[in-house]
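Here is how the chains run, residue by residue.
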Amino acid sequence: ILIPFLGLVLAFWFYSARENFKPEMLKGKRVIVTGASTGIGEQMAYHLARMGSHILITARTEAKLQKVVERCLELGAASARYVSGTMEDMAFAEHVVKEAEASLGGLDMLILNHVGTSYFGYFDGDVGHVRKLLEINFLSYVAMTVSALPMLKESEGSIVVVSSMAGKVGFPFTVPYSATKFALDGFFSSLRQEFSIQSVNVSITLCILGFIDTERAVRAAGALLAAEPAPRAECALEILKGAALRRRELYYRYGSTRLPLLLRDWAAELLDYLVRSRYRLDGAGGG
Ligand code: NDP
């Protein structure tokens, strides 16, 4: 009886001693948000704008980026600008970071959020697609991190990596996508260990998201997934809170992400079964 009781007391003490989020934490911070022309990235840009950050956003579609920048300025961003291009090109990934250096004079937070287009269906054996997706969803994250590290060390800043439940557990119908998200966990969790050993004061927050109501996700998975998507604006805010508080990992929403993962090491087959049971399998196909 005593041990669980002590555990509860310790857990309560740990959570109550944790710092709370305040929007001022991000005021005046220089932030890059990738994949910010739509979806969760766009919503993060708007929250950052309301909090008074300097924002540099990127994606491929210039017309959408222009509109997001205009809205950010209306919402109160300290400054807002964009660079358009594709993250298939590592030189472009590095160019975005150089642009932050030139225009903002440094960087406090690098939010890696973009994701390349993939299919939602049985793995089709296309190795070229896996390679391309690894370049967009993984290698460009690495390239941007490497370029941004001197500035982030200087500011004792933060790296935010937007990942997924599909990057922690095997999900059907997203084989190439899952592979890229697992790779992010391996790279950034190892890097975090090295930062700790070398006393590099740059936080790395890995964000584990469930199903979110962005157009892309609802279009791709809405018919197959027997679950309600969570709101993207709330998700974006939770990511920023976790980042500002320099959390190791952020789980959104906790009940559908962190709790199921507790099963992973002890009852993996049960978790696999529970994951499969969330799909309406009669509709599963290719493409
Ligand atoms: P969206 O599809 O809404 O946004 C993706 C962004 O990436 C867009 O701004 C898109 O802009 C950009 N992008 C796509 N391809 C490229 C490219 N080749 N080069 C540069 N930018 C590109 O995605 P979400 O908002 O749904 O997802 C955001 C993050 O959240 C992703 O990392 C995703 O894996 C993660 N996530 C989302 C979930 C969900 O249910 N929505 C669930 C779990 C994780 P453009 O087309 O203009 O280039």
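Up top you'll find the structure we're talking about.
Sequence order sets the numbering: in each chain, residues are counted from 1 along the sequence as written. Two thresholds apply to this predicted model, a pLDDT of at least 70 for residue-level local features and 80 or more for giving and counting side-chain atom pairs, whereas whole-chain, interface and lining totals are computed over all residues. Hydrogens are left out, water is left out, and the side-chain values use all remaining heavy atoms of the structure.

Draft legend 1. Layout of the side chain of Thr-58. Strands are runs of DSSP state E lasting at least 2 residues, helices are runs of H or I lasting at least 4, and numbering of each runs from the N terminus. If you trace the backbone, Thr-58 turns up in strand 2 (residues 54-59). Per-residue accessibility, obtained with a 1.4 Å probe over protein chains only, is compared with the maximum for each type, and a residue is labelled buried under 20%, exposed over 50%, and partly exposed between these values. The class for Thr-58 is buried, based on a relative accessible area of 1%. Under this definition, polar contacts are N or O atom pairs within 3.5 Å; protein pairs additionally need one hydrogen-donor-capable and one acceptor-capable atom, and for neighbouring residues in sequence, both atoms have to be side-chain atoms. Of the polar contacts made by the side chain of Thr-58, one reaches the backbone oxygen of Val-83; its length is 2.8 Å. Contact criterion: two residues are considered in contact whenever any of their non-hydrogen atoms come within 4.5 Å of each other. With near-sequence residues (within four places) excluded, Thr-58 lies in contact with Val-33, Thr-34, Gly-35, Ala-36, Leu-65, Val-83, Met-87, Phe-92 and Val-96.

Draft legend 2. Representation of the site of the ligand. Around the ligand, the structure places 30 residues, and the nearest of them are Ser-37, Arg-60, Thr-61, Tyr-177 and Thr-214. Contact distances for the ligand include 2.8 Å between an oxygen atom and a backbone N or O atom of Ile-40. Between the ligand and the protein, one listed contact pairs a nitrogen atom with a backbone N or O atom of Met-87 at 2.9 Å. Residue burial considers only the protein chains on display, and all accessible areas are found by Shrake-Rupley using a 1.4 Å probe. Summarising the interface, the protein chains cover 93% of the accessible area of the ligand, which totals 890 Å² for the free molecule. Considering every element that reaches the shell around the ligand, the biggest residue donor is strand 5 (residues 158-164), with 3 residues. Looking at the shell around the ligand residue by residue, the classes come out as 13 nonpolar, 14 polar and 3 charged. Any residue with a heavy atom lying within 4 Å of a molecule or strand is counted as near it. Any residue that is not Ala, Val, Leu, Ile, Met, Phe, Trp, Tyr, Cys, Pro, Asp, Glu, Lys or Arg is counted as polar, Gly included; the first ten are nonpolar and the last four charged.

Draft legend 3. Geometry of the sheet that holds strand 5. Pairs of strands are assigned from DSSP output, requiring at least two bridges between the strands. One open sheet holds the 7 strands; their spatial order is 3-2-1-4-5-6-7, and the pairing between them is parallel. Of all the strands in the sheet, the pair left with one neighbour each is strand 3 (79-84) and strand 7 (249-252). Shown here is a sheet whose adjacent strand axes are inclined to one another by a mean of 15°, direction ignored. Taken together, the 6 bridges between strand 2 and strand 3 define a ladder with parallel strand orientation. Angles here are taken between N-to-C directions and fall from 0 to 180 degrees, while the axes themselves are lines fitted to C-alpha atoms, restricted in helices to the stretch in contact.

Draft legend 4. Region of the structure containing the packing of aromatic side chains. For this analysis, a ring pair means two rings from Phe, Tyr or Trp (six-membered ring only for Trp) whose centres lie within 6.5 Å, classed as stacked if their planes differ by under 30 degrees, edge-to-face if by over 60, and tilted for the remaining angles. As enumerated under the stated definition, the model contains 6 aromatic pairs in all. Each ring, one from Tyr-122 and one from Phe-173, has its centre 4.9 Å from the other, and the planes form 75°; the classification is edge-to-face. Here the residue Tyr-122 occupies a position in the loop between strand 4 (109-112) and helix 5 (127-155), and Phe-173 occupies one in the loop between strand 5 and helix 6 (175-197), the gap between them amounting to 51 residues. You can call Tyr-122 exposed: its relative accessible area is 52%. Put simply, the rings of Phe-120, Tyr-122, Phe-173 and Tyr-279 pair up and form one aromatic cluster. Arg-258 extends its terminal NZ or CZ atom over the ring of Tyr-251, reaching a point 4.9 Å from the ring centre. In this scheme, the term charge over a ring applies when either NZ of a lysine or CZ of an arginine sits within 6 Å of the ring centre and within 35 degrees of the ring normal.

Draft legend 5. Structural view of the packing of helix 5 against helix 6. Relative to each other, helix 5 and helix 6 sit at 25°, their axes nearing to 8 Å. Considering the angle they form, helix 5 stands roughly parallel to helix 6. Taken as a pair, helix 5 and helix 6 cross one another with a handedness that is right-handed. Mapping the contact onto sequence places His-129, Val-130, Leu-133, Leu-134, Asn-137, Phe-138, Tyr-141, Val-142, Thr-145 and Leu-149 in helix 5 and Pro-176, Tyr-177, Thr-180, Lys-181, Ala-183, Leu-184, Phe-187, Phe-188, Leu-191 and Phe-195 in helix 6. Looking at the contact of helix 5 with helix 6 residue by residue, the classes come out as 15 nonpolar, 4 polar and 1 charged. Any angle that is under 35 degrees is reported as roughly parallel, and any over 145 degrees as roughly antiparallel; angles of 65 to 115 degrees are reported as roughly perpendicular and all others as oblique. Note on convention: near helix rotated counterclockwise from far helix by under a right angle means a left-handed crossing. Clockwise means right-handed.

Draft legend 6. Examining the pattern of salt bridges more closely. What counts as a salt bridge is simple: a side-chain nitrogen of Lys or Arg found within 4 Å of a carboxyl oxygen of Asp or Glu. Taken as a whole and judged by the stated rule, the model has 9 salt bridges. Across the salt bridge formed by Glu-234 and Arg-253, the nearest N and O atoms sit 3.1 Å from each other. With Glu-234 in helix 8 (residues 232-244) and Arg-253 in the loop between strand 7 and helix 9 (254-261), the pair connects residues that are 19 residues apart, well separated along the chain. Note on Glu-234: relative accessible area 35%, which makes it partly exposed. Its relative accessible area of 39% is what places Arg-253 among the partly exposed residues. A salt bridge links Glu-249 to Arg-248, with the nearest nitrogen and oxygen atoms 3.8 Å apart.

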